[in-house]
Amino acid sequence: MSDNEDSGCGGSSSGRQRAKYTSKETTQITTKESYPKQDLMSALMLFPLPYQMGALYFDRMDITDFVIQWQDPTMDWKDGLRIKKVPLYCEKMVGRYVKTLEIYVKGDSWKRFMKELKEKYKKDNTGQKRNTEAYLQAMVQKIVTEKEPTISAYRSFIVEYCE
């Protein structure tokens, strides 16, 4: 077997040296001093930029869904950063409104910020409407009005509620 086949890098013994160098370089990258920077870079690379394909976007509809989806990729962020980035992922006018909120300016409590957004945009929030007594009564009334509800009617009721 020749050195070319042995190294798997397409070169002779220099290929093995490159592999060793790369391994040494990798060890140096993961030292304690550079580890937090590496985490930050990984997080930034995984988090899509505003308006990029796959990026979250809030357009006044379903604030609960937006907030839940925002929390997961930003769970390691400090509250201030989490809050300050939200307007970038909103419709232009919504982003401007969010920036006027006192809780946005303070940037100290993600939970209070979420609560305020949910309150402001609750009228277009399917998640909040779904959990009201009026919504459930309307869905039940739809089933009751059928003379003999079928299993598929009950299934569609469940699916509609779970969506």
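For the structure, check the block above.
The rules behind the values
Residues numbered from 1 in each chain as written. Predicted model: local features only at pLDDT ≥ 70, side-chain atom pairs only at ≥ 80, totals over all residues. Heavy atoms only, no water. Buried < 20%, exposed > 50% of the residue type's maximum accessible area, 1.4 Å probe, protein only. Helix = DSSP H or I, 4+ residues; strand = E, 2+ residues; numbered from the N terminus. Arc of directions from axis to C-beta. Contact = heavy atoms within 4.5 Å. Core = buried A, V, L, I, M, F, W, Y, C linked by side-chain atoms within 4.5 Å. Salt bridge = Lys/Arg side-chain N within 4 Å of Asp/Glu carboxyl O. Axes fitted to C-alpha atoms, helices over the stretch in contact; angles between N-to-C directions. Parallel < 35°, antiparallel > 145°, perpendicular 65-115°, else oblique. Left-handed = near helix turned anticlockwise from the far one by under 90°. Nonpolar A, V, L, I, M, F, W, Y, C, P; charged D, E, K, R; others polar.

## Structural notes on helix α6 (residues 92-100)
Of the positions making up α6, those classed as buried are Val94, Gly95 and Val98. Taken down its axis, α6 places every buried residue within 100° of arc, on the same side. Exposed residues pointing more than 90 degrees away from the buried face of α6 are listed as Lys92 and Thr100. Looking at the buried residues of α6, the elements they touch are α7 (102-106) and α8 (110-120).

## Things to note about the nonpolar core
In this structure, Phe66, Trp70, Trp110 and Phe113 are the most contacted members of the largest nonpolar core, which totals 23 residues. Sorting the residues of this core by element identifies α4 (63-71), α6, α7 and α8 as the ones contributing at least two each. Filtering out sequence-adjacent residues up to four positions away, phenylalanine 66 remains in contact with Leu56, Tyr57, Phe58, Val86 and Tyr89.

## Some remarks on the pattern of salt bridges
Tallied over the entire structure, the rule returns 4 salt bridges. Among the ionic pairs, glutamate 91 bridges to arginine 60, the shortest N-O distance being 2.6 Å. In this pair, glutamate 91 is assigned in the loop between α5 (79-85) and α6 and arginine 60 in the loop between α3 (35-46) and α4, connecting sequence segments 31 residues apart. Glutamate 91 gets classed as partly exposed once you look at its relative accessible area, which sits at 22%. Judged by relative accessible area, which is 34%, arginine 60 ranks as partly exposed.

## Thoughts on the environment of aspartate 79
Checked against the element boundaries, aspartate 79 lands in helix α5. For aspartate 79, a relative accessible area of 28% corresponds to the partly exposed category. Distance from aspartate 79 to glycine 107, taken between C-alpha atoms, is 6.5 Å for residues 28 residues apart in sequence.

## Structural notes on the packing of α4 against α8
Viewed as axis vectors pointing N to C, α4 and α8 meet at an angle of 160°, and their least axial separation amounts to 9 Å. If you check the angle between α4 and α8, you find them roughly antiparallel. Judged by the sense of rotation from one axis to the other, the crossing of α4 with α8 is right-handed. Note on element contacts: α8 touches α4 through Trp110, Met114, Leu117 and Lys118, opposite Ile63, Thr64, Val67, Trp70 and Gln71. Each residue belonging to the contact of α4 with α8 can be placed in one class, and the counts come to 6 nonpolar, 2 polar and 1 charged.

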